[in-house]
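Single-letter residue listing:
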Amino acid sequence: QAQLVESGGGLVQAGGSLRLSCVASLRIFSIYAMGWYRQAPGKQREPVASITSGGSTTYADSVKGRFTISRDNGKNTVYLQMNSLKPEDTAVYYCNSKFRREDYWGQGTQVTVSS
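Residues numbered from 1 in each chain as written. Predicted model: local features only at pLDDT ≥ 70, side-chain atom pairs only at ≥ 80, totals over all residues. Heavy atoms only, no water.

A. Representation of the packing of aromatic side chains. Applying the stated criterion across every chain yields a total of two aromatic pairs. Ring centres 5.6 Å apart and planes at 55 degrees place the aromatic pair Tyr 32 and Phe 99 in the tilted group. Of this pair, Tyr 32 sits in the loop between strand S3 (18-24) and strand S4 (33-39) while Phe 99 sits in strand S9 (residues 91-99), and the two are 67 residues apart along the sequence. With a relative accessible area of 23%, Phe 99 lands in the partly exposed category. (Phe/Tyr/Trp six-rings, centres within 6.5 Å; stacked < 30°, edge-to-face > 60°. Helix = DSSP H or I, 4+ residues; strand = E, 2+ residues; numbered from the N terminus. Buried < 20%, exposed > 50% of the residue type's maximum accessible area, 1.4 Å probe, protein only.)

Encoded structure:
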C-alpha cells in the first residue's frame with residue numbers, strides 16, 4: 001500500500017504564497033499521474049491541478065495563472081506552488097496518485113488564507 005504525505009500548509013494572508021509538497025512511497029513514482037485536490041468546509045472535494053507522468057499539466061480555472069504544479073521524480077515528490085492566495089483558497093489540500101486501477105490519497109494539509 002502506498003503512502004502519500006503532504007506538508008507545507010499553514011496560515012497566510014491574502015496575496016501571500018505557500019508551497020505544498022507531497023512525498024509518495026511509490027515503487028516507480030514516475031509512472032503515476034499526480035494531482036492536488038482541495039475540500040473546503042461544507043463543499044465537495046474538487047480537483048486543483050494535475051501532472052501526468054510525461055509532465056503535462058492541467059489546472060482548475062479558479063487557480064490558473066496563480067498555482068503551479070511540478071514533480072521531481074528523483075525525490076518521489078510533487079509540489080504545488082500557490083501564489084496570490086485568496087480567502088476562497090482556504091481548504092484542506094490532498095495529494096493523489098493514479099496509475100491504472102491504483103488510486104492513492106494523502107491525509108491532507110490545511111491551508112488557511114486570511115483576508
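Read on for the rest.
B. Fine view of the pairing of S3. Counting buried positions over the seven residues of S3 gives five, a clear majority of the element. Bridge count for strand S1 (residues 4-7) against S3 is four bridges, and the pairing is antiparallel. Looking at S3, one finds that Leu 4 is bridged to Ala 24. (Pairing = 2+ DSSP bridges.)

C. Quick look at unusual backbone geometry. Backbone geometry at Asn 76 places phi at a positive 50 degrees, although glycine is not the residue there. With respect to the secondary-structure elements, Asn 76 resides in the loop between strand S7 (67-72) and strand S8 (77-82). You will see that Ser 84, though not glycine, has its phi angle at about 50 degrees, which is positive. Here Ser 84 shows up in the loop between S8 and S9.

D. A look at the side chain of Arg 38. Following the sequence through the fold, Arg 38 ends up in strand S4. Only 3.4 Å separates the side chain of Arg 38 from the side chain of Ser 62, close enough to count as a polar contact. Within the local environment of Arg 38, its side chain forms a polar contact with the side chain of Asp 89, the two groups lying 2.9 Å apart. (Polar contact = N/O pair within 3.5 Å; in protein donor to acceptor, adjacent residues only side chain to side chain.)

E. Expanded view of the pattern of salt bridges. With the rule as written, the count across this model stands at five salt bridges. Between Asp 89 and Arg 38 there is a salt bridge, with the nearest N and O atoms lying 2.9 Å from each other. One end of the pair, Asp 89, is in the loop between S8 and S9; the other, Arg 38, is in strand S4, and 51 residues separate them in sequence. For Asp 89, a relative accessible area of 0% gives the class buried. A salt bridge links Arg 66 to Asp 89; the shortest N-O distance between them is 2.8 Å. Pair noted here: Arg 66 is in the loop between strand S6 (57-59) and S7 and Asp 89 is in the loop between S8 and S9, with a separation of 23 residues, a long-range link. As far as burial versus exposure is concerned, Arg 66 and Asp 89 are alike and both buried. (Salt bridge = Lys/Arg side-chain N within 4 Å of Asp/Glu carboxyl O.)

F. Spatial organisation of the nonpolar core. Core analysis: the largest hydrophobic core is formed by 29 residues, its most contacted members being Met 34, Trp 36, Leu 80, Met 82 and Tyr 93. Put simply, the parts of the chain that give this core at least two residues each are S3, S4, strand S5 (46-51), S7, S8, S9 and strand S11 (109-114). When neighbours within four sequence positions are excluded, Met 82 is seen to be in contact with Gly 16, Ser 17, Leu 18, Leu 20, Arg 66, Phe 67, Tyr 93 and Val 111. (Core = buried A, V, L, I, M, F, W, Y, C linked by side-chain atoms within 4.5 Å. Contact = heavy atoms within 4.5 Å.)

G. The arrangement of the environment of Tyr 104 in detail. Summarising the element assignment, Tyr 104 is placed in strand S10 (residues 102-105). Through-space distance from the C-alpha of Tyr 104 to that of Ala 24 is 9.4 Å; in sequence the pair is 80 residues apart. Discounting chain neighbours no more than four positions away, the residues touching Tyr 104 are Gln 1, Ala 2, Leu 4, Leu 26, Tyr 32, Cys 95, Asn 96 and Ser 97. Polar side-chain contacts of Tyr 104 include one of 2.9 Å to the side chain of Glu 102.

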